[in-house]
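# Structural features, examined
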Amino acid sequence: MQIIRTKDYEEMSRKAANIVSAQIIAKPDSVIGLATGSSPIGLYNILVERYEKGDLDFSRIRTVNLDEYKGLGGDHPQSYRYFMNKYLFSRINIPIENTHVPDGLEKDSEKAVADYIKIIRSLGGIDLQLLGMGNNGHIGFNEPGTPLELEVACTTLTDSTIEANKRFFDKKEDVPRQAYTMGIKTIMHAKKILFIVSGEKKAEVVAKAFFGPVTPDIPASILQLHNNITIIGDEAAFSKFPV
Ligand code: GLP
């Protein structure tokens, strides 16, 4: 476990972008697992700048996203497909067919899960998985208590997640109650994990996740068992780490 402490969100994003850039340069056909939320936006902006300068080529990169709200299609502004197109895919030279996000419009959960498992397996393994973390320690949409052995899951969002994510919707009732997510098993099989965290709000849970017991109550704590994980966080997020 490598821990990198940064001054602020900006520096966190730059350091994380360096790791993603190095991966793309070293292996131009890498499979990269991507995340949504406010944490990776800075990193995506830097990748776009580097692409515009001619320093990065995404033409052979394949991506697989962590999660999607069940019930939202790609043209819904709060869907994660929409987010990815907006912040990254439409701004770089990745062929859109190389990008994968669970199908939020598939009503049959079993089918959605099976389809995404098939997609992930067909990619032949994730080289680098980017992760953020929810306020309750969730990764992807693996909420506390989600079984650890799933490749892909349909999960029910906890009230704390609905509360945290309602800021993006007109009202709380509009936040979908379920989501499709890459499961812990798939995340743990990624060759490398890049975990980013920022802000004081997550200080307590991130300290528990990496310095407390490994427990399904804090899904991110399982990452302690990964053999190639880099955690990049700003001072505020690391403020409750043991000295
Ligand atoms: C959502 C996503 C997670 C993400 C989390 C944190 O719940 N499902 O994948 O890590 O938000 O978001 P933020 O970075 O905005 O705090």
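Everything discussed here concerns the structure shown above.
Reference entry: report on the structure contained in this document. The shown structure was predicted, so the numbers you read here are calculated from the model rather than taken from an experiment. (Residues numbered from 1 in each chain as written. Predicted model: local features only at pLDDT ≥ 70, side-chain atom pairs only at ≥ 80, totals over all residues. Heavy atoms only, no water.)

## Comments concerning the nonpolar core
- Core analysis: the biggest nonpolar cluster contains 65 residues, and Leu43, Tyr44, Leu47, Leu88, Ile139, Phe195 and Leu223 have the highest contact counts within it.
- When near neighbours in sequence (up to four residues on either side) are disregarded, Tyr44 contacts Leu34, Ala35, Phe83, Met84, Tyr87, Leu88 and Leu130.
- Leu72, Phe141, Leu157 and Ala179 belong to the second largest nonpolar core, which has 9 residues in total. (Core = buried A, V, L, I, M, F, W, Y, C linked by side-chain atoms within 4.5 Å. Buried < 20%, exposed > 50% of the residue type's maximum accessible area, 1.4 Å probe, protein only. Contact = heavy atoms within 4.5 Å.)

## Here we look at the site of the ligand
- Neighbouring the ligand are 14 residues; Ser38, Ser39, Asp67, His138 and Lys202 lie closest to it.
- Within the side chain of Asp67, an N or O atom sits 2.7 Å from a nitrogen atom of the ligand.
- At 2.5 Å, a side-chain N or O of Lys202 approaches an oxygen atom of the ligand.
- A majority-of-atoms criterion places the ligand in the largest pocket. (Near = heavy atom within 4 Å. Polar contact = N/O pair within 3.5 Å; in protein donor to acceptor, adjacent residues only side chain to side chain. 1 Å grid on protein atoms, 1.4 Å probe; cavity = no way out; pocket = protein on both sides within 12 Å on 5 of 7 lines; lining within 4 Å. Sits in = over half its atoms within 2 Å of the grid points.)

## Examining the packing of aromatic side chains
- Counted according to the given criterion, the structure contains 9 aromatic pairs.
- Ring geometry for Tyr51 versus Phe58: centroids 6.4 Å apart, planes at 70°, classification edge-to-face.
- Classification of Tyr51 by relative accessible area gives partly exposed; the value is 25%.
- Its relative accessible area of 3% is what places Phe58 among the buried residues. (Phe/Tyr/Trp six-rings, centres within 6.5 Å; stacked < 30°, edge-to-face > 60°.)

## Describing the layout of surface pockets
- As a volume, the largest pocket reaches approximately 730 Å³.
- As for the largest pocket, its lining consists of 38 residues, and the residues nearest its centre are Thr36, Gly37, Ser38, Arg167 and Phe168.
- Elements with a minimum of two residues in the lining of the largest pocket: strand 4 (67-69), helix 3 (80-87) and helix 5 (159-165).
- Here the lining of the largest pocket takes 5 residues from helix 3, the largest share from any one element.
- Among the residues forming the lining of the largest pocket, the class breakdown is 16 nonpolar, 16 polar and 6 charged.
- In this structure, the second largest pocket spans a volume of roughly 180 Å³.
- Lining the second largest pocket are Ile117, Ile120, Arg121, Gly125, Ile126, Glu151, Val152, Lys185, Thr186, His189 and Ala190.
- Considering only residue class, the lining of the second largest pocket consists of 5 nonpolar, 3 polar and 3 charged. (Points joined across faces, edges and corners; volume = space filled by probe spheres on them. Helix = DSSP H or I, 4+ residues; strand = E, 2+ residues; numbered from the N terminus. Nonpolar A, V, L, I, M, F, W, Y, C, P; charged D, E, K, R; others polar.)

## A closer look at the environment of Thr99
- By the secondary structure assignment, Thr99 is in strand 5 (residues 99-100).
- Note on Thr99: relative accessible area 5%, which makes it buried.
- Residues Thr99 and Gly145 lie 46 residues apart in sequence; the distance between their C-alpha atoms is 29 Å.
- Excluding residues within four positions of it along the chain, Thr99 makes contact with Thr63, Arg81, Phe89 and Ile94.
- One polar contact links Thr99 to Arg81, side chain to side chain, over a distance of 2.9 Å.
- Looking at Thr99, its side chain comes within polar contact range of the main-chain oxygen of Ile96, at 2.7 Å.

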